[in-house]
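Below are the chains, spelled out letter by letter.
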Amino acid sequence: MPLVSLSNIVVARSGTTILDGIDLDIESGEIVGVSGSNGSGKTTLLRTMATLVPPNAGNGTVLEARLGTPDIYRVRPLIGLAGHQATLVPELTLGENLRHFARLAGIDQDLVPEVLEVVGLADAAGLAAARCSNGMKRRTDLARLWMSSCRLLLLDEPEAGLDDDAVAIVDALIKRCVARGGGAVVVSHDAGALHGRCSRTREMKDGLLQ
Amino acid sequence: MTSTRQIVEILRRELLIERRAGEVITIVVPFAALALALAPLALPVDTDVLPRIGPALYWLIALLFGLQATMRSASQESEVSELEAMAGVDPAVRFAGRSLAAAVLVFGVLVALAPLMVVLYAPAPVPGWPAIIPSALLLAAGLGMLGVLAGDLTAGLRQRSALAPLLAVPLGVPLLMGSAQGFDYLARGAGILTWTLLLLATDLVLAIVGVVTARHLQEAKL
Amino acid sequence: MKGQSKLNRASQWLALAATVAVGAGLALAFTSPPDALQGNFVRILYLHVPAAWLAFLAFGVTALGSVLWLVTRKPRWDRLAHSSAEIGVVFTAVTLLTGMIWGRPVWGVFWSWGDARMASTALMFFIYVGYLGLRRAIPDPDVRAKRSAVLGAIAVVQIPLVYFSVYLWRGLHQLPSIRPDGPTMDASMLTAFLVNLVAFNLLYVALLSARYRLAFVEQTQPGPVAGTAVTKPRLEGAVDG
């Protein structure tokens, strides 16, 4: 079974169609790149695959859970989504954020110091998320993904706001996921950034994947 | 991760956030206290009605500002709700955890305002007043759930700060009456069982509706 | 297309029937005998009582539409709930206003907290207003349907509790409800009542069907595709030396 199987997925918001009939299959081991200009719907596509946006029409399964049904709650912990904005509680420290996520998701908390090391934030664990730079917050997001053994990685503009070291973390994350039979979708407005990493690339235009 | 542990974890987080950067203790309670203190200033200086209206005003202000306290909860922020969603927390569990946290904050408001009301309004002493504590707990629970529901209904809307209370307050009338009338009956030596049962019934109804509609509401993001 | 014109004709007949019935009802309201105790003020009740009944009916339909939408996700239930709420808020306002107009001469006050039903109806009015306010604030039709359906579901279980709590409060101090006094209602007064009741029901159905069709047309307009609004910027000559 493919990791992701989308058939004629339509997503509309406030009367505007954002995804106009998306067809996409992602098999285990694939790294799919999605490029497109601003406003083309790349982020919405990613969030739909993350089961956060229910489709208005069409059929889709993600990790064998049908979109728009209660099955999606079961598979969410296996999906690793890293968006533009880091998903962090501003008032908690980076370490607390990761421990909180671990406790909610049923992940061993002892992994937290390890993953902070991996992303190079071991010394910043005690800093409140609100006080950290965007780059640090995004690295924390990557640490969260590293901690949860996700089968599907969904990365939105992973290079934005990250230095070369951090970009290396992204590559390692993807490699690790794929090596374990998972897959990844990388979204970027910069088609060049995708070529090196992805097994295939498609372009989002007018709500459709070309 | 069992649901109970997730609920407790959400509660812990909310209380931790409130302790560090919260607005309930530093803004909502002072504002409610101010409202309580202002009412006598709007009445004639030689009025003798204060001891009789004190408790009534207390419950009314508890309703209005208690709801405000629930809206200040950080769990309304989209990043937090996304974090919980991607951690695989079931929407009904999210509702339960957030409502519990909101209820604790509301109870805090009730506890903070009570002595102030007694001081400012000098109501007649009510022997057996501890019997109102279960009602106060039920009130806090009800307002917690109502606040979370109203917050979810208006999440992401520009008009949220005015619209959420407009939705919650009329629906919260049984909570107001259960506690205010219950206290009044207690003061007059009558039984408060019926009023307490009304509060219990309201809480049960809100809990069931909240759990059943949790998935629908969580999907309805702007 | 044939189905459409059939529908239009049915609506036209309905509108006509409603107009005739309301006309008849008003005529009877003015020509029926005055009440033994209330005199001519009883005429207001020919408006007030049916309006109150309809406010409840409209709200019930909104609640039903909300629950059905949550279960089936069919847009027609959302349209039904919304249309009924708009009409219901008007009937609730009419109920409250006619109650006040009646109250002033008969009770001596515009508003009496002694009537639990009026107090509860006032609260229901606010809940309706909130429902419509919520709908107006949400631009996305799908989110709007979801959230207002949930609010409708909450309201349907909470409103009985609201009414119950107000009744509990009034206890034995309940004032006589707004209805004609006297041991039995005169046959012509009864006729006037029933005709007005039927007329208001027809009016409700006519208004509901018209509002529903309007909602249908509004919601089925196609919208633009998002990405097409972004084009390549035109920079030649924009930056001068």
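First, a word on scope: everything that follows refers to the structure included in this document. The structure displayed is predicted, hence computed values, not measured ones.

In this complex, chain A contributes 26 residues to the contact, which on the side of chain B involves 25 residues. Carbon and sulfur atoms make up 63% of the area that chain A and chain B hide from each other, which totals about 2,500 Å². For the interface between chain A and chain B, the tally reads three salt bridges. At the boundary of chain A with chain B, the tally comes to seven residue pairs in polar contact (both at pLDDT 80 or more). Those elements that place two or more of their residues in the side of chain A that touches chain B are strand S6 (79-82) and helix H3 (94-105) of chain A. With six residues, the top contributor of residues to the side of chain A that touches chain B is H3(A). Residue composition of the side of chain A that touches chain B, by class: 15 nonpolar, four polar and seven charged.

Next up on the list: the nonpolar core. Membership of the largest hydrophobic core comes to 94 residues, with the highest contact counts inside it found for B:Trp59, B:Leu110, B:Leu113, B:Leu153, C:Phe91, C:Leu134 and C:Tyr204. Ignoring sequence-local partners within four residues, the contact set of C:Leu134 consists of B:Leu153, B:Thr154, B:Leu157, B:Leu163, B:Leu167, C:Arg147, C:Ser148 and C:Leu151. One finds A:Ala86, A:Ala124, A:Leu173 and B:Leu83 within the second-largest nonpolar core, a separate group that totals 48 residues.

Attention now goes to the interface of chain C and chain B. Taken together, the contact pairs 29 residues of chain C with 32 residues of chain B. A combined buried area of about 2,700 Å² lies between chain C and chain B, and 78% of that area is made up of carbon and sulfur atoms. On inspection of chain C and its partner chain B, the count reaches two salt bridges. On inspection of chain C and its partner chain B, the count reaches four residue pairs in polar contact (both at pLDDT 80 or more). Put simply, the parts of the chain that give the side of chain C that touches chain B at least two residues each are helix H4 (116-137) and helix H5 (141-170) of chain C.

All names here are of chain B. Helix H6 (residues 133-153) packs onto helix H3 (residues 50-71) with a crossing angle of 45° between their chain directions and a minimal axis gap of 8 Å. Judged by the angle between their axes, H3 and H6 are oblique. Helix-helix and strand crossings are classified by hand; for H3 and H6 the assignment is right-handed. Touching Trp 59, Ala 62, Leu 63, Leu 67, Thr 70 and Met 71 of H3 are Leu 139, Leu 143, Gly 144, Leu 146, Gly 147 and Ala 150, all from H6. Grouping the amino acids of the contact of H3 with H6 by side-chain chemistry returns nine nonpolar, three polar and no charged.

What counts, and where the lines are drawn
Residues numbered from 1 in each chain as written. Chains lettered and ligands numbered in written order. Predicted model: local features only at pLDDT ≥ 70, side-chain atom pairs only at ≥ 80, totals over all residues. Heavy atoms only, no water. Contact = heavy atoms within 4.5 Å. Buried area = accessible area lost by both parts, 1.4 Å probe. Salt bridge = Lys/Arg side-chain N within 4 Å of Asp/Glu carboxyl O. Polar contact = N/O pair within 3.5 Å; in protein donor to acceptor, adjacent residues only side chain to side chain. Helix = DSSP H or I, 4+ residues; strand = E, 2+ residues; numbered from the N terminus. Nonpolar A, V, L, I, M, F, W, Y, C, P; charged D, E, K, R; others polar. Core = buried A, V, L, I, M, F, W, Y, C linked by side-chain atoms within 4.5 Å. Buried < 20%, exposed > 50% of the residue type's maximum accessible area, 1.4 Å probe, protein only. Axes fitted to C-alpha atoms, helices over the stretch in contact; angles between N-to-C directions. Parallel < 35°, antiparallel > 145°, perpendicular 65-115°, else oblique. Left-handed = near helix turned anticlockwise from the far one by under 90°.

In short, shape yes, function no, at least from these values alone.
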